[in-house]
Structures are given as C-alpha cells and as structure tokens.
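Listed below are the residues making up each chain.
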Amino acid sequence: MSSPSGRVNPALIGMLEQIKKATEELPKASKRMMQLTGVGWSPDKLVKVVVGPRGQLADIDIDPRVFRKPDAAALQAAIMAASREAVIDINKQREEVMSGQFPADLTSLQHEMRSNESDTIGKLMNRLDADIYEEGKEDR
C-alpha cells in the first residue's frame, strides 16, 4: 500500500520482510514439528500414552497394577483419557513451534480471532478420532 505521496508504507515493507523470513524458516519448523511427541497420563497415572507428531499412537505404557483388579471398561477409559491428554500436548507444542514462525502482529491477530470464536478450532483439534468414531456409532 502506498501513501498519498506515492511512497510505500514502511510498516508494510517491514511486515513483508518478516513474512519472507518466516517462509524461509518453514522447512526448519516443519522438521522440528516432525520430531515432536505428545505425552498424556490417565487420571490415576497408571496409563501413559505417547503420540507422534501427527497425533498417532507411538507408545503406550500400562502399569501392571492395573491388572490386580481387571476391569476392561476402566482400562479403556484410562487409555482414552491418556490419549486425549497426549493429543492436547502435541497440538500445544505444534502451535508453539508455528507461533514463532510468524510476525508478532500476525500471531496476536490469530489469537484474537481464536478468542472470538470461543476456541472452536482448539476444541476440534483436541478431539480424538475415537471420539468422532463413538459419535458416529450412535448414528448407525
């Protein structure tokens, strides 16, 4: 955008330079994101779930004490709770990596837009595929 005098607005030039720099840094950010893991624990701390950078299950650790009183439904609930926490963790880490990639003005605008949406996007991103699957079972 140019001013009435025909000169380009210096603020616009600065922002374009920041965007160019961010674009050049995207391959590094992408590599960092592919190295992330998210960790979640069940409320009783007997189940630990690790997810990879895309939120897919990478590891699960079940404390042997779970088997003292076998309860399949409780174990399933613990695994699902830990999975949900791991997905929330990985999404938060991805957001941190990406927020450092863009100019501060753009990042603050993004946060403002999210707060105006009552964080609908955040809620959707933190849903497990299993939650969506369960909802779909009711419709079948």
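Residue indices follow the written sequence of each chain, beginning from 1 at its first position. Owing to the predicted nature of the model, reporting of local features is limited to residues with pLDDT of at least 70; listing and counting of side-chain atom pairs is limited to 80 or more, with chain, interface and lining totals taken over all residues. Working from all heavy atoms in the structure, the side-chain values ignore hydrogens and water.

The protein goes by YbaB/EbfC family nucleoid-associated protein in an unreviewed UniProt entry, where it is assigned to Amycolatopsis endophytica.

### As for the pairing of strand β1 (residues 38-41)
Using a 1.4 Å probe on the protein chains alone, a residue whose accessible area is under 20% of its type maximum counts as buried, one over 50% counts as exposed, and one in between counts as partly exposed. The helix count covers DSSP runs of H or I at least four residues long, the strand count covers runs of E at least two residues long, and both are numbered beginning at the N terminus. With burial as the criterion, only one face of β1 is covered, namely that bearing G38 and G40; the residues V39 and W41 on the opposite face remain uncovered. A strand pair is defined by DSSP finding two or more bridges across the two strands. Alignment of β1 against strand β2 (residues 47-51), held across 4 bridges, turns out to be antiparallel. Of the residues in β2, the one forming a bridge with G40 is V49. Two successive antiparallel strands, β1 and β2, enclose a turn made up of 5 residues, where K45 displays a positive phi of approximately 65 degrees.

### A word on the nonpolar core
The term nonpolar core refers to a set of buried residues drawn from Ala, Val, Leu, Ile, Met, Phe, Trp, Tyr and Cys, joined through side-chain atoms within 4.5 Å. By size, the foremost hydrophobic cluster in this structure holds 14 residues, and its most contacted members are L36, V47, V49, V51 and V97. Contributions of two or more residues to this core are made by α1 (10-33), β2 and α2 (72-99). Whether two residues are in contact is decided by their heavy atoms, any of which lying within 4.5 Å being enough. If we skip the residues at most four places from it in the chain, V49 touches G38, V39, G40, L57, D59, I60, I79, A82, S83 and A86.

### Some remarks on the pairing of β2
Burial of β2 is extensive: 4 of the 5 residues sit out of reach of the surface. Looking at chain direction, β2 and strand β3 (residues 57-62) are connected through 5 bridges and run antiparallel. Across the sheet, residue K48 finds its bridge partner in β3, namely D61. Hairpin geometry of β2 and β3 is characterised by an intervening segment of 5 residues between the two adjacent antiparallel strands and by a positive phi of about 85 degrees at G55.

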